[in-house]
Amino acid sequence: MLSVHGRKPAAVVVEPIAKAAMKLGLTPNKVTIIGTVVTIAVAVTLIPTGHLFLAAVLSGLFAAFDMVDGTMARMRGGGTAFGATLDASCDRITDGALFAAILWYLIYTMDSHPVTVVAALVTLVSSQVISYIKARGEASGLRMVGGLIERPERLIISLVGVGLEGLGVPHALAVSLWILAIGSLFTVAQRLHMAANQKVK
């Protein structure tokens, strides 16, 4: 939902950052790669070691690079097919790293209840499926716009859960994971329903 409705409000902050990055000689693809590498490093080093609040704050900040590269591409007159493919691929990698780090924390650091681990696994897998349905549908000529839990919602809910858990709020991470697991499964069904009710022109 936020990916459809949140671009204009975010542009007030993102556009100046994009302009500054271009003045430094950075390209959209370089920003994509930098953001991906740093976000993965933050997730896999801070979350498993229990530095949850810092991980949530830093992950949220560097996740904004996902908007900066797209804004830069538009300012340069439009992105390339490779740039779009790179961006989508890096999104999947960073999502996988985030939830893999959360799983590591749940299993090896916290010795969490298996039910919570299941919620994290469901979220990890379904998040990839949601993105795949969109990509495959659009490749087939379908219009795949919207959904209950898209990437912005997934990041916000998971990082809020991580951050609150780091501040000592009981069960915050488990609750956020179950919200994501249920919402993501619903979104998988929602997007398949979109695809089933369209005809390729």
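Reading guide: rules and limits
Within each chain, residues carry numbers counting from 1 in the order of the written sequence. Totals for whole chains, interfaces and linings use all residues, but because this is a predicted model, local features are given only for residues with pLDDT of at least 70 and pairs of side-chain atoms are given and counted only at 80 or more. Side-chain numbers come from the whole structure's heavy atoms, not from hydrogens or water. Site definitions follow a grid-based scheme: protein atoms alone, a 1 Å grid, a 1.4 Å probe that fits but cannot get out for cavities, and for pockets an open set with protein on both sides within 12 Å along at least five of seven lines, plus lining residues having an atom within 4 Å of a point. Grid points are joined across faces, edges and corners, and a volume is the space filled by probe spheres set on the points. The helix and strand labels rest on DSSP assignments: H or I over at least four residues marks a helix, E over at least two residues marks a strand, and numbering proceeds from the N terminus. Each residue gets one of three labels, nonpolar for Ala, Val, Leu, Ile, Met, Phe, Trp, Tyr, Cys and Pro, charged for Asp, Glu, Lys and Arg, and polar for the others, Gly among them. How far a helix is expected to stretch is found by multiplying one less than its residue total by 1.5 Å. Think of it in three bands: residues with accessible area under 20% of the maximum for their type are buried, residues over 50% are exposed, and the middle band is partly exposed, with areas taken using a 1.4 Å probe on protein chains only. To be clear, the arc concerns the directions from the helix axis to the C-beta atoms. The contact criterion used is simple: two residues touch if any of their non-hydrogen atoms lie within 4.5 Å. UniProt positions are given in the numbering used here, feature names are shortened, and annotations may be inferred rather than shown by experiment. One side-chain nitrogen of Lys or Arg within 4 Å of one carboxyl oxygen of Asp or Glu is enough to make a salt bridge.

(A) Expanded view of empty space enclosed by the protein. This model, assessed by the stated rule, comprises one cavity of 30 Å³ or more. In this structure, the largest cavity occupies an estimated 190 Å³ of space. Elements that contribute at least two residues to the lining of the largest cavity include exactly α3 (28–46), α4 (52–63), α5 (65–75), α6 (81–109) and α8 (151–166). Sorting elements by how many residues they give to the lining of the largest cavity places α6 first, with seven residues. When the residues that make up the lining of the largest cavity are grouped by side-chain class, the tally is 10 nonpolar, six polar and six charged.

(B) Summary view of α4. In this model α4 runs 16 Å from its N-terminal to its C-terminal C-alpha over 12 residues, within 8% of the 16 Å that 1.5 Å per residue would give. Looking at α4, one finds that the buried residues are Leu52, Ala55, Ala56 and Ser59. In an axial view of α4, the angular spread of the buried residues amounts to 100 degrees, which keeps them on one side of the axis. Its buried side turned inward, α4 meets α3, α6 and α8.

(C) Geometry of the UniProt feature "transmembrane region" (unreviewed entry) in the protein. UniProt records the feature "transmembrane region" (unreviewed entry) for residues 31–47 and 155–181 in the present numbering. For residues 155–181, the helix share is 81%, the strand share is 0%, and the end-to-end C-alpha distance is 13 Å.

(D) The side chain of Thr116, seen in detail. Mapped onto the elements of the fold, Thr116 is located in helix α7 (residues 114–139). For Thr116, the contacting residues outside a window of four places in its chain are Leu106, Ala174, Leu177 and Trp178.

(E) The arrangement of the UniProt feature "active site" (unreviewed entry) in the protein in detail. The feature "active site" (unreviewed entry), as given by UniProt, occupies Asp91 in the numbering adopted here. Note on placement: Asp91 falls in helix α6. Exposure remark for Asp91: the relative accessible area of 11% places this residue in the buried category. Residue contacts for Asp91: discarding those within four places in its chain leaves Asp66 and Arg151.

(F) View of the pattern of salt bridges. Evaluated as defined, the whole model comprises six salt bridges. Glu138 is the partner of Lys134 in a salt bridge, and the nearest nitrogen-oxygen pair spans 3.0 Å. Of the two residues, Lys134 and Glu138 both sit in helix α7, four residues apart, roughly one turn of that helix. Classification of Lys134 as partly exposed rests on a relative accessible area of 27%. Take Glu138: its relative accessible area is 40%, and that puts it in the partly exposed class. Salt bridges here are not isolated pairs; linked through shared partners, they connect Asp91, Arg92, Asp95, Arg151 and Arg154.

(G) The arrangement of unusual backbone geometry in detail. Of note in this structure, Asp111 is not a glycine but carries a positive phi near 50 degrees. Summarising the element assignment, Asp111 is placed in the loop between α6 and α7. Overall, the relative accessible area of 64% leaves Asp111 in the exposed class. Even without being a glycine, His171 presents a positive backbone phi close to 65 degrees. Tracing the sequence through the fold places His171 in the loop between α8 and α9 (172–196). Owing to a relative accessible area of 59%, His171 belongs among the exposed residues under this scheme.

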